[in-house]
Amino acid sequence: MNLKMKLNARILLFILSTSAIVFIAAIGTIGFNIRKKALQNSISLANTYAVEYANFSKINLDKYMITARTLSQAFSNFDVLPQLERRSTFNNILQTVLKQNDDYNAIWTIWEPNTIDTLDSYFINTPGNTYLGNYSPTFYKIGNEIKLEKNTSTTLFQGDYYTIPKSTWEETVMNPYYYSYSDNKEDSVLQTNLIVPIIFQNTFLGVVGIDVSLDKFQKITDKIKPFKKGYSLIIANNGVIISHPDSLAVNTQSANLYPKYSEKLSVCQNIQEGKRFSIKLKSYRNSNKYLYCFAPIEIGKSITPWSFVMAIPYSKIISKASTSFNMAVLIGIFGLLLLSIMIWLIARSISLPITRTTKILEKLALGDINTKNKLRTKSKDEIGYMAESVNMLIDGLNSTANFALQIGKGELDTKFNQLSNKDVLGASLLEMRESLIHAREEEEKRKLEDEKQNWITQGIAKFSELLREHNDNMEEFAFNIVFNLSKYMNVAQVAFFILNDNNSGNEVYELIATYAYKKRKYLSLDLLPGEELIGRVAVEKETIHIPNIPYDYPNLLSGIKNATRPNSLLIIPLNLNDKIYGVIELLSFNDFEPHHIDFIEKVGENIASTISMVKINMKTAALLDHSRRQADELAQHEEEMRQNMEEMLATQEGNEKKELELQGVVNALKGSSLVAEIDNEGIFTSMNETFASTFGLSRKQMLNKNIEVFFPKDTETKKVIANIFKAVANNEQFVTEQKITSYQKTIWLKMQFIPVAEENYVYKITILCQNITEGISLRETAQKLKQDIVSLS
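Below is a short write-up of the structure. (Residues numbered from 1 in each chain as written. Predicted model: local features only at pLDDT ≥ 70, side-chain atom pairs only at ≥ 80, totals over all residues. Heavy atoms only, no water.)

**Concerning the pattern of salt bridges**
One pass over the structure, following the stated rule, counts 15 salt bridges. With a closest N to O distance of 3.7 Å, D103 and K63 form a salt bridge. On the criterion of sequence distance, the pair formed by D103 in the loop between α2 (83–100) and β1 (104–111) and K63 in helix α1 (residues 7–75) is long-range, its members being 40 residues apart. Given the relative accessible area of 38%, K63 is considered partly exposed. Across the pair R87 and D117 runs a salt bridge, and its minimum N-O distance is 2.8 Å. Highlighted residues: R87 in helix α2 and D117 in the loop between β1 and β2 (138–142), separated in sequence by 30 residues. For R87, a relative accessible area of 4% translates into the label buried. What emerges from the salt-bridge pattern is a single network uniting R87, D117 and D120. (Salt bridge = Lys/Arg side-chain N within 4 Å of Asp/Glu carboxyl O. Helix = DSSP H or I, 4+ residues; strand = E, 2+ residues; numbered from the N terminus. Buried < 20%, exposed > 50% of the residue type's maximum accessible area, 1.4 Å probe, protein only.)

Okay, structure coming up:
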């Protein structure tokens, strides 16, 4: 139904109803958002508290982990102590740390067998050591007294406290458990272990751990109540509750308190992944809803975080949000009333002026911008301003239409004045004209740049083919380069200098090819680094470009009378990986443009790469020849050693006089070579200082000890030792090459075991050693060179 209404009433009806709807919707949205924001702020505040107290708990736990980490770092330097002092020194350190920290229950360490020293066999089932003899003390407190835990006969190295840090090489925090050091259940305390692995030279040696009671964290959480009727708790990585206001909940699974929701909400999974999260649940003690805010407690560098939980009554959180929402609704109602009054007053003042301009605006909307449609008015108020604006619009549209017509005809120089700084249409047309002008200029530049880039690309491709030719003859290779550079770049003169570093380490840049004025020139010139511009480029590794070269700059004239001299110079280094392999000099009648310089520098890198490859091939051939000669020398040296040993054996088989002579030889060898003697049980009975120092020990440290103590414990070495005693038992010599470690260096020894017998009874064995480390190194180097040559071929 169409109702006839005055414009004033229609404006009032439409604007007021629309404004009311929009205003009510806006107030509702704002109020809802305020309520939502207030709720979010409260939850955010709760999460902030949770994070703050989680960090506080982390600080308390980190100090234990820092102590364990410090002990691990100190123990990893065990090799600076003598072997006999290491276990006692570490026992003193552990007892001192335990004594100085009242909140430690125990402190302990476990080492892999034969790692802290090589004396495990002397410590089997002794206090602080296992039935295998490996170092494994545990010190604990009973009151103020520090005691050493008794040895155990259970299987070693199987508990999580050892297997987890051994497999991960990470700091580890064990899940809480009850434990009594006095074997009395009434003395049991809830505790955890903080463990750090001991790593030495990228090898796992063992662990060091600290046992701490968790009672203090119950006292901490009891004091934390940032919200009325709220409480806090701490949950371990496996979901066990460490502290809780309800003592019955301590050391129980958190999932048992909320069996319906724990798995569904992935509480334990989120704790183990170290996530911050919040959940809303009814309390297991009553029907009140609580917001539980979880914040991770990351202890040291461990990968098993715990979680600090802040439990807040949900009613406390939403009360502030509801207050903010109610206030927003009241303000909205008052604003709606005020808006209605204002709209009614405005509607009365603008009814008629709108109808006066309706027809002319309809014509403008249809594209009729004839100047005859201008409004005529004498009013000086807003209505008059509106009429003047309509008239200005008509004039502006006519001017804009004419300008657009001229631009369409391609007359980009046509002048146009904007109606004002806010004339968007006029500004757009001017911008369009500038864009067209710029596009025309950019098109011309692009064509020119494309031509230059194509010239560079084609040139690089051309010279890439040329570099494959004559690279076995450096002079022809160089001439091929200068000849084609002269033609392709249209320059008057090109000279090629190559680095010659074969003269006793003295570098010199030798001129090996010149092409000038379409003729090949045969010249000889050597320049040192830094000498003249060529040597300067070689030292500075930077291109030199001189547009106007001096008249007296040396160049090769064409021989024509009054010939024009080149006036532009370009010198570029042949640089590859910051190494200069040569220099190229170009002289031209025309100046070198940037794309010329870019092209010759890129070609220079390719030339340098080719020269480098040729030189590498030459050096490889020389190294291969050198390695072959070294291998021959090594073989000859070993043959001489073998012959010397055979002669000594022949001497031993003589009569008693020859045996005494052999003993004299042995005594002489003891003074200058590596000589030792062992009995038929393998016990060292004598040796010279040279032999002992090779093992990094003194004679006193090695005498009366079995030879097996000083060799690696691997299966292969054990087989070698067994073969030695088998051979000498049959009165036969045995020769082997053995690797040992001395002063953290690897040494190879060639060892000959010579039995000394009386009436076919071997009562001692003489050991003669030769240090063959250099020979082994040469052999490995030769093998590596052969492999590299095979891979290159």
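**Quick look at unusual backbone geometry**
Its identity as a non-glycine residue notwithstanding, N114 has a phi of 55°, on the positive side. Note that N114 resides in the loop between β1 and β2. On the accessibility criterion, N114 (44% relative accessible area) is partly exposed. With a phi angle near 65°, D578 is a residue other than glycine that sits in the positive phi range. As for its position among the elements, D578 is in the loop between β18 (568–576) and β19 (579–588). Since its relative accessible area comes to 52%, D578 is described here as exposed.

**Some thoughts on helix α18 (residues 715–729)**
The end-to-end C-alpha distance of α18 is 21 Å, a good match for the 21 Å that 15 residues give at a rise of 1.5 Å each. Of the positions making up α18, those classed as buried are T717, V720, I721, I724, A727 and V728. Buried positions in α18, seen along its axis, are confined to an arc of 130° and lie on one side of it. Seen from the buried face of α18, the exposed residues on the opposite side, beyond 90 degrees, are T715, K718, K726 and A729. Its side-chain oxygen at 3.2 Å from the backbone nitrogen of E716, D714 defines the N-terminal cap of α18. (Expected span 1.5 Å × (residues − 1). Arc of directions from axis to C-beta. Polar contact = N/O pair within 3.5 Å; in protein donor to acceptor, adjacent residues only side chain to side chain.)

**Overview of the packing of aromatic side chains**
When we look at a pair of aromatic rings, we describe it by the centre distance and by the angle of the planes. The full count for this structure, using the stated rule, is 30 aromatic pairs. Ring geometry for F479 against Y515: centres 6.1 Å apart, planes inclined by 65°, an arrangement best described as edge-to-face. Of this pair, F479 sits in helix α12 (residues 474–489) while Y515 sits in strand β14 (residues 506–516), and the two are 36 residues apart along the sequence. Grouping residues by exposure puts F479 and Y515 together as buried. Among the aromatic residues, those joined into a ring-pair cluster are F75, F78, F90, W111, Y135 and F200. (Phe/Tyr/Trp six-rings, centres within 6.5 Å; stacked < 30°, edge-to-face > 60°.)

**Things to note about the nonpolar core**
A general feature of soluble globular proteins is that nonpolar side chains tend to end up buried together. One finds F75, I107, W111, I297, I299 and W306 to be the most contacted residues of the largest nonpolar core, which totals 51 residues. Among all residues touching I299, those that are not within four sequence positions of it are L61, D62, M65, V173, L194 and W306. Core analysis: the next-biggest nonpolar cluster, separate from the first, contains 33 residues, A478, F479, I498 and V603 among them. (Core = buried A, V, L, I, M, F, W, Y, C linked by side-chain atoms within 4.5 Å. Contact = heavy atoms within 4.5 Å.)

**What about the pairing of strand β11 (residues 289–297)?**
In terms of burial, β11 is a largely internal element, 8 of the 9 residues being buried. By the bridge criterion, 6 bridges tie strand β10 (residues 277–282) to β11 in an arrangement that is antiparallel. Bridging from a neighbouring strand, K282 pairs with K289 of β11. One ladder, built from 8 bridges, connects β11 with strand β12 (residues 306–313); its direction is antiparallel. (Pairing = 2+ DSSP bridges.)

**Description of the packing of helix α11 (residues 424–466) against α12**
Look at α11 against α12: their axes get within 11 Å of each other, and the N-to-C directions meet at 160°. It follows from the interaxial angle that α11 and α12 lie roughly antiparallel. The handedness of the crossing between α11 and α12 comes out as right-handed. Contacts between α11 and α12 involve W455, Q458, G459, K462, F463 and L466 from the former and N480, I481, N484, L485, Y488 and M489 from the latter. In the contact of α11 with α12, the residues fall into 7 nonpolar, 4 polar and 1 charged. (Axes fitted to C-alpha atoms, helices over the stretch in contact; angles between N-to-C directions. Parallel < 35°, antiparallel > 145°, perpendicular 65-115°, else oblique. Left-handed = near helix turned anticlockwise from the far one by under 90°. Nonpolar A, V, L, I, M, F, W, Y, C, P; charged D, E, K, R; others polar.)

**Quick notes on the environment of I234**
Positionally, I234 belongs in strand β8 (residues 231–235). On the accessibility criterion, I234 (3% relative accessible area) is buried. Residues I234 and T221, spaced 13 residues apart in sequence, show a C-alpha to C-alpha distance of 7.9 Å. For I234, the contacting residues outside a window of four places in its chain are S57, F217, T221, V240, I241, I242, S243, I297, W306, S307 and F308.

The values are spatial; any link to function lies outside them.
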